[in-house]
There are 2 protein chains.
Amino acid sequence: MPLPPDGDPGTPAPHATRGPALTPLAGGTEGPRQLRPLLDTVLEALATGATARGGPIPAGGPEAVGHRLRVAAEPLIPEAGIGPHAALRAVVGALAEGAADPADPLCAAHLHCPPLAVATAADLAASALNPSMDSWDQAPAASVLEDLVSRGLATEVYPEGPAPDALVTTGGTESNQLAVLIARELAKDRGPLQIVCGANAHHSVRRAAWLLGLPEPVVLPTPAGVLSPAGLDQALTDVRGPLLAVATAGTTDTGEIDPLPQLADVCAAHATRLHVDAAYGAPLLFSRTLAGRLDGLSRADSVTLDLHKLGWQPVPAGLLAVPDTTALETLGHREDYLNPPDDTEAGFPDLLGRSIRTTRRPDVVKVAVTLRALGRTGLAELVEHTCAAAQRLADLVDAHPAFDAYERPTLSTVLFRPAGATDEHVGAVRRALMTEGRAVLGRARATDHRDGIEKLWLKATVLNPHTRPADLEALLEIVEGSAAK
Amino acid sequence: MPLPPDGDPGTPAPHATRGPALTPLAGGTEGPRQLRPLLDTVLEALATGATARGGPIPAGGPEAVGHRLRVAAEPLIPEAGIGPHAALRAVVGALAEGAADPADPLCAAHLHCPPLAVATAADLAASALNPSMDSWDQAPAASVLEDLVSRGLATEVYPEGPAPDALVTTGGTESNQLAVLIARELAKDRGPLQIVCGANAHHSVRRAAWLLGLPEPVVLPTPAGVLSPAGLDQALTDVRGPLLAVATAGTTDTGEIDPLPQLADVCAAHATRLHVDAAYGAPLLFSRTLAGRLDGLSRADSVTLDLHKLGWQPVPAGLLAVPDTTALETLGHREDYLNPPDDTEAGFPDLLGRSIRTTRRPDVVKVAVTLRALGRTGLAELVEHTCAAAQRLADLVDAHPAFDAYERPTLSTVLFRPAGATDEHVGAVRRALMTEGRAVLGRARATDHRDGIEKLWLKATVLNPHTRPADLEALLEIVEGSAAK
């Protein structure tokens, strides 16, 4: 009986002598039994790697991390395989040891959340079953689940319909791109679409214009951090051609929310289409106490959501919601091998127009399981706890003589900087914290409202719902120590 | 001590009384311990669901499948959660029961592979650690692994360099889109890019032109199943402006490979850029006996690969390979919050230009583990076994009086049809097999070389490396029975 090179448990039965039989599949009735010992190895490697790392990010910077990873993963394509368990131990172990782990409260640089265990476990089912969302005969049940999740979440954004629907995307970037694409197609008989957005909009808005062959967006300055209704009104008056206004509910740099009701009024007055990028802010809708901050969101023609931010999903869990499913018809597409007319007439759902991708994994599985497991109340608690932790951090910064604070956080982003520091020093402090493996903070340029000067700030994006006050105190202490050097 | 509603094992310690503490995270040193009981529930639900299904696809068609799924998943957002174990059992169980499972050899419609258990297990690590590939400080080790995999696989395509590199994509559709985007940008000073491709090219080529704001491709007829070098030569002579020729190594409909050496000669003579969509065929490169079928591939300016086809990865595992990394520079992009110049100067890698997405999960983890685990030999065996199974199926069809065969398979796609049937009957047979839950076959329009007439065929895309001769015999028997009705 030929044993795989690492002779681990979970090897196939003696009759399995051919190569293919030594490589069990994840699916079918046998898959779960085959997966179990492999998952044990993965969990062990994850735990070992996290312990070896011992902090939010490995110490040593890019060179040291790169060296350790290469030792574990090379040669990438050996002539003979080293076996599943040895490969999992080496690669997963090195990956965990070399991770910036958002489950550590001191890892708070980006809109990069620590995923919930329940969502992560659910995601395994998506990988094991491997449905592909481009035709019913590859995803009979998964396509129904996607429909439920798309309509369910779109209804959170647009409770008054008329027919809320959403496309599932790889994230805010693709959602924003699709919003621009839909607007481009609706406007195509009237000339090239012109986007008008704030300087605080996510870079994907400008990149979408480039990708889709549209003119560069008109970018309005946002010295106050948010888009000014008067400024938008002026721009919509001045700029010619079919327009799309883009606002943000939770900016990447400061977590601020553009004044949605007023911006919606301006767009209505100009009969201009409005897209709101709520990749960060949308989950406030689940909270009774916080949902009011998103007033006006339902007046947008399309809304970007990202449940891999304040939704604690493994990446990706993006959506683009619209109030009426007919807005999505412009993506309709027919290919005989995927959605032939005779199948559609016979009642088989036509999925191809649900994405600009073709093959697609069912990223709604983890989302559906999370929504069912936690319910509205459970999700709201996580959102509220996270936003409260950011307020607590802002309190600490305000009370701390060594730091200057930006404004009070709107969502869960806190900007601060060592008092009197230069921008160069702020950048260097951030890099030193990372290189020493002590903390992972982001950076943002924003106007200091005390002196009207744009400065570089340290950015703590609080996204860990388990963050305790002691973690926040420790974070500031670490930064203070590093900044004083 | 408040127990979660379903009171399952794996609940948190007694001190964890707040909501957030009842929702454990997947990361950190504690994550693996929290994941274990949840994964047990997932594996149980996968096994139970597969057993309940009892075949390649659930019986009953869209209505029955939809009903069962809705019972399990509604209400999608209850006010109070039902707890992680109950949610996993319900949703994952229904998903498995309602899956079209490519691990069943009778599920052979599409380029929809059964993933390997080792790849699926590795994918869990990607979800649990949740690195995001848009900046080093979200993916210190994962970004190095992506670099290794990108360069390693690109070197398989372009062994003679000069600096092979690849972008990781969501699949062939995005890879083809990126190939067109790169060509568009390289040509932008010379006018709008005009694509020339065969009618056998994947629909994503035409869709990329639409998406990127380019003229509709010139589509050359391919009655012989492959793109004719003489036809391409004529088109490149006739059509004006900067051009991109697109060929296919493994067409979606028939699995045929365009004559790459001759097409590369034609492109070289016209100084025209050539992209080859080898989403299906590229893994033949791992096999000493089959790699010769891809002669000429390395002469393409870019190549699409998809390891979620003949690479047995969970979706997605796409790549776009280029011979020289400088071809990717046109995607370069700078955003202060992700890749500020002072960080880049300090040696922190700049990742933002590696994709048109921003947040991105590390789909290379499963690929790296699979390559290390199986080695070149192990992967080659799987590819060879799968292609041999398709030849065997073609033998059976050839010998069977009830069926007409298309041509001998080039890769692993076998086209056949009940002798003398109408196209309508062929479509109906396929739907009946699906609705009865007996077999999942695809369909394709292709010219019958015996009478020169384009017909609708049943398509068996053999992608299951465990397929045995008995499975193929059973498949034909089932189809024969259904076709005779």
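Residues numbered from 1 in each chain as written. Chains lettered and ligands numbered in written order. Predicted model: local features only at pLDDT ≥ 70, side-chain atom pairs only at ≥ 80, totals over all residues. Heavy atoms only, no water.

You'll find chain A entered in an unreviewed UniProt entry as Pyridoxal phosphate-dependent decarboxylase family protein, with Streptomyces pathocidini given as the organism. You can read under Cofactor (unreviewed entry) in the UniProt record for chain A the words "pyridoxal 5'-phosphate". One UniProt comment on chain A, placed under Sequence similarities (unreviewed entry), says "Belongs to the group II decarboxylase family." (UniProt positions renumbered as here; feature names shortened; annotations may be inferred.)

Novice: Just checking my understanding: could you explain the packing of aromatic side chains for this structure?
Specialist: The geometry of an aromatic ring pair is captured by two quantities: the separation of the ring centres and the angle between the planes. Considering all chains together, one arrives at six aromatic pairs over all chains under this definition. Across the ring face of Trp210 of chain A, the terminal group of Arg184 of chain B is positioned such that the distance to the ring centre comes to 5.7 Å. Here the guanidinium or amino end of Arg417 of chain B rests over the ring plane of Trp457 of chain B, the centre of that ring lying 5.7 Å away. (Phe/Tyr/Trp six-rings, centres within 6.5 Å; stacked < 30°, edge-to-face > 60°. Lys NZ or Arg CZ within 6 Å of the ring centre and 35° of its normal.)

Novice: Would you mind going over the relation of the copies chain B and chain A with me for this structure?
Specialist: Each copy of the chain is related to the other by a rotation around an axis and a translation along that axis. Overlay of chain B on chain A (RMSD 0.0 Å): rotation 180°, translation along the axis 0.0 Å. Accordingly, the operation relating the two chain copies is best matched by a two-fold axis. Most of the interface of chain B is mirrored in chain A, where 100% of its interface residues are also at the interface. (Least-squares fit on C-alpha atoms with pLDDT ≥ 70 in both. Contact = heavy atoms within 4.5 Å.)

Novice: I keep staring at the domain arrangement of chain A and nothing clicks. Help me out?
Specialist: The accessible area lost on association of the parts is a frequent measure of interface size. As assigned here, chain A comprises domain 1 (35-98), domain 2 (124-372) and domain 3 (376-483). Taking only C-alpha atoms, the centre of domain 1 of chain A and the centre of domain 2 of chain A are 36 Å apart. (Domains from an automatic or database assignment.)

Novice: Would you mind going over the environment of Phe403 of chain B with me for this structure?
Specialist: All names here are of chain B. Locating Phe403 in the fold gives a position in strand β9 (residues 403-405). Looking at Phe403, the relative accessible area reads 6%, which means it is buried. Spatially, the C-alpha atoms of Phe403 and Ala419 are 4.7 Å apart, while their sequence positions differ by 16 residues. In contact with Phe403, other than residues within four places in its own chain, are Val397, Phe416, Arg417, Pro418, Ala419, Leu476, Val479 and Glu480. (Helix = DSSP H or I, 4+ residues; strand = E, 2+ residues; numbered from the N terminus. Buried < 20%, exposed > 50% of the residue type's maximum accessible area, 1.4 Å probe, protein only.)

Novice: I would appreciate a short explanation of the side chain of Arg273 of chain B in the present structure.
Specialist: Residue and element names in this part refer to chain B. Locating Arg273 in the fold gives a position in strand β6 (residues 273-277). Comment: no salt bridge for buried Arg273; closest opposite-charge side chain is Asp301, at 4.2 Å. With sequence-adjacent residues up to four places away left out, Arg273 is seen in contact with Ile182, Ala183, Leu186, Leu243, Leu244, Ala245 and Asp301. (Lys, Arg positive; Asp, Glu negative; His and termini not counted. Salt bridge = Lys/Arg side-chain N within 4 Å of Asp/Glu carboxyl O.)

Novice: Honestly, the sheet that holds strand β8 (residues 318-322) of chain B in this entry has me stumped. Any pointers?
Specialist: What links the strands of a sheet is backbone hydrogen bonding, and the strands pair in either a parallel or an antiparallel sense. Residues and elements named next belong to chain B. In spatial order, the strands read β2-β8-β7-β6-β5-β3-β4; together these seven strands make up an open sheet with mixed pairing. Of all the strands in the sheet, the pair left with one neighbour each is β2 (165-169) and β4 (218-220). The average undirected angle you get between the axes of adjacent strands in this sheet is 20°. Here strand β3 (residues 194-198) pairs with β4 via three bridges, running parallel. Among the inter-strand pairings, Cys197 is bridged to a residue of β4, identified as Val219. (Pairing = 2+ DSSP bridges. Axes fitted to C-alpha atoms, helices over the stretch in contact; angles between N-to-C directions.)

Novice: Before we go on, may I ask you to explain the environment of Ala183 of chain B in this structure?
Specialist: All names here are of chain B. In this fold, Ala183 is placed in helix α6 (residues 172-186). Its relative accessible area of 2% is what places Ala183 among the buried residues. Remark: the alpha-carbon pair of Ala183 and Ala470, spanning 287 residues in sequence, is separated by 47 Å. Sequence-distant contacts of Ala183, that is, excluding residues within four places in its chain, are made with Leu193, Leu244 and Arg273.

Novice: Sorry if this is basic, but what is going on with the interface of chain B and chain A here?
Specialist: At the junction of the two partners, chain B supplies 167 residues and chain A supplies 167 residues. Both sides together, the interface formed by chain B and chain A hides about 14300 Å², and carbon and sulfur atoms give 65% of it. Our count for the chain B to chain A interface comes out at 26 salt bridges. Residue Asp123 of chain B pairs with Arg361 of chain A through a salt bridge whose shortest N-O separation is 3.9 Å. Of the residues that constitute the side of chain B that touches chain A, the class distribution is 91 nonpolar, 43 polar and 33 charged. (Buried area = accessible area lost by both parts, 1.4 Å probe. Nonpolar A, V, L, I, M, F, W, Y, C, P; charged D, E, K, R; others polar.)

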